[in-house]
Amino acid sequence: MVRLFWRKLGLILILLPILNVVGFYYALVHPRLFTSGQITPTEALNNSYSDYLSSVFRGEFGFAGQQTVRAIVMEPLQNSLILVVISLVLAIILGILFGLIAISPRTRRISPFSLAFLSAGSSLPGFLFGGIILSLIVYQTLYAGRGSSILPISGYGLDEHLILHVLVLAIQPTMYIAKVTAGLLENELQQNYIQVARSKGLNWRQLLWRHAFPNMLAPVLLTIGSSMRLIVGALVIVEAIFIWPGIGRIFLLTIGLRLDGRPTGIYFGNPPLIAFMAVFLGAMLLFADLIATMISSAVDPRLREQGVSG
């Protein structure tokens, strides 16, 4: 397991600098930057990567106008991490719960309704559900005579504002975890050792928690790590829909998209900002995979043996 850890950590240490370089130079060579007047070819040549690295070692991570990248992204980064962490915890709890409920104790297989529901939920993007929910709230507010909306549909706050944001961000990974959990559980319940346990008089709860679930825990953990991709992929869209002041807003500004219709500002095409975004999003995915893999290897001896032999 130690060898597997260092192998994956070494891969991360190789990929993150590559993402940083690619993000930085992509911003410098993108033709839209020159045509928009945000940056001139002379400024691009003077904005060298070595100067950028010196600011990174000072902890500033480059500049956008008169501000350091660190100052620009610090608060939005915290706001986005709040959404990611709460959404991931909710997806884990509800995903495993829905996966267990989807199995019929009588047949020990996924019920047809649950299979259709989980397949549809894991296939459709979360922002589609967000659009449906927003439409219903707007209808209730504007056409059904309500004085105010049931829940806040935009803005920031560690209160009711979190409900819709987290719900939309967590719904697809929840269904994905539930679908995989249900499939793994169905497969385990058909194994011979389950038949032997049933012949000994064990009830459904004992079969589930003493025998089936421990044997499927490792792949469930790997699925949770994979679900981070869904959360990170939907983060920018969710923050844009609900006007959440997170890292997604900064990302939209770096690619020149403003939701308020105003012209692009100094963030547009800024090489240090784009390089930071590439590293941050890549690090979230890579470290989530690392943590899930190490925990899975710790709870499943078979994965430890594969890591050593590999």
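The structure under discussion appears in the preceding block.
All of these numbers come straight from a predicted model, not from anything done at the bench. Throughout, residues of each chain are indexed from 1 in the direction in which the sequence is written. Whole-chain, interface and lining totals are the exception, using all residues; otherwise, since this is a predicted model, local features are given only for residues with pLDDT of at least 70 and side-chain atom pairs are given and counted only at 80 or more. To get the side-chain values, all heavy atoms of the structure are used, and hydrogens and water are removed first.

## Thoughts on the pattern of salt bridges
Inference 1: Criterion for a salt bridge: a side-chain nitrogen of Lys or Arg within 4 Å of a carboxyl oxygen of Asp or Glu. The final tally for this structure, using the stated rule, is two salt bridges.
Inference 2: We note a salt bridge from D289 to K8, for which the minimum N-O separation is 3.0 Å. In this pair, D289 sits in helix α12 (residues 271-299) while K8 sits in helix α1 (residues 2-29), placing the two residues 281 residues apart along the sequence.
Inference 3: Here the term buried applies to any residue with accessible area under 20% of the maximum for its type, exposed to any over 50%, and partly exposed to those in between, with areas from a 1.4 Å probe on protein chains only. Residue class for K8 comes out partly exposed when judged on its relative accessible area of 23%.
Inference 4: Put simply, E60 and R58 hold a salt bridge, and the shortest N to O gap is 2.9 Å.
Inference 5: You can call E60 buried: its relative accessible area is 19%. Here a strand is any run of E in DSSP of at least two residues, a helix any run of H or I of at least four, and the numbering for each starts at the N terminus.

## Concerning the packing of helix α8 (residues 161-189) against helix α10 (residues 204-242)
Packed helices, taken two at a time, are described by their axes: the angle between them and the distance between them.
Inference 1: Fitting a line to C-alpha atoms yields each axis, with helices limited to the stretch in contact; the angle taken between N-to-C directions then spans 0 to 180 degrees. Viewed as axis vectors pointing N to C, α8 and α10 meet at an angle of 150°, and their least axial separation amounts to 7 Å. Relative to α10, the element α8 lies roughly antiparallel. Helix-helix and strand crossings are classified by hand; for α8 and α10 the assignment is right-handed.
Inference 2: Note that Gly is not counted as nonpolar here; it falls among the polar residues with everything else outside the nonpolar set of Ala, Val, Leu, Ile, Met, Phe, Trp, Tyr, Cys and Pro and the charged set of Asp, Glu, Lys and Arg. Partitioned by chemical class, the residues of the contact of α8 with α10 number 23 nonpolar, seven polar and one charged. Note on terminology: angles under 35 degrees are roughly parallel, angles over 145 are roughly antiparallel, angles of 65 to 115 are roughly perpendicular, and the others are oblique. Helix crossings are classified by the rotation of the near helix relative to the far one: an anticlockwise turn of less than a right angle makes the crossing left-handed, while a clockwise turn makes it right-handed.

## Section: unusual backbone geometry
Inference 1: In this model, F61 sits at a positive phi of 60°, which is unusual for a non-glycine residue.
Inference 2: Inspection of the secondary structure puts F61 in the loop between α4 (49-57) and β1 (63-64).
Inference 3: Since its relative accessible area comes to 29%, F61 is described here as partly exposed.
Inference 4: Positive phi, normally seen in glycine, also occurs at R108, with a value near 60°.
Inference 5: Along the chain, R108 falls in the loop between α5 (69-101) and α6 (112-123).

## Description of the packing of helix α9 (residues 192-199) against α10
Inference 1: At their nearest, the axes of α9 and α10 sit 11 Å apart, and the two run at 170° to each other. In terms of orientation, α9 lies roughly antiparallel with respect to α10. Side by side, α9 and α10 meet where Y193, I194, A197 and R198 of the first sit next to L207, H211, A212 and N215 of the second.
Inference 2: Tallied by class, residues from the contact of α9 with α10 come to five nonpolar, two polar and one charged. Contact between two residues is taken to exist if any of their heavy atoms lie within 4.5 Å; hydrogens are not considered.

## Some points on the packing of aromatic side chains
Inference 1: The pairing test for Phe, Tyr and Trp rings, Trp by its six-membered ring, is centres within 6.5 Å, and the orientation test on the planes gives stacked under 30 degrees, edge-to-face over 60, and tilted for anything in between. Counted by the stated rule, this structure contains seven aromatic pairs.
Inference 2: A ring pair is formed by F276 and F280, whose centres lie 6.2 Å apart and whose planes are at 0°; its orientation type is stacked. Of this pair, F276 and F280 both sit in helix α12, four residues apart, which is roughly one turn of the helix.

## Quick look at the side chain of S114
Inference 1: Inspection of the secondary structure puts S114 in helix α6.
Inference 2: Judged by relative accessible area, S114 falls into the buried class, the value being 14%.
Inference 3: Between N or O atoms, a polar contact is any pair within 3.5 Å; within protein, one atom must be a potential hydrogen donor and the other a potential acceptor, and residues adjacent in sequence are included only when both atoms are from side chains. For S114, the side chain forms a polar contact with the side chain of S111, separated by 2.7 Å.

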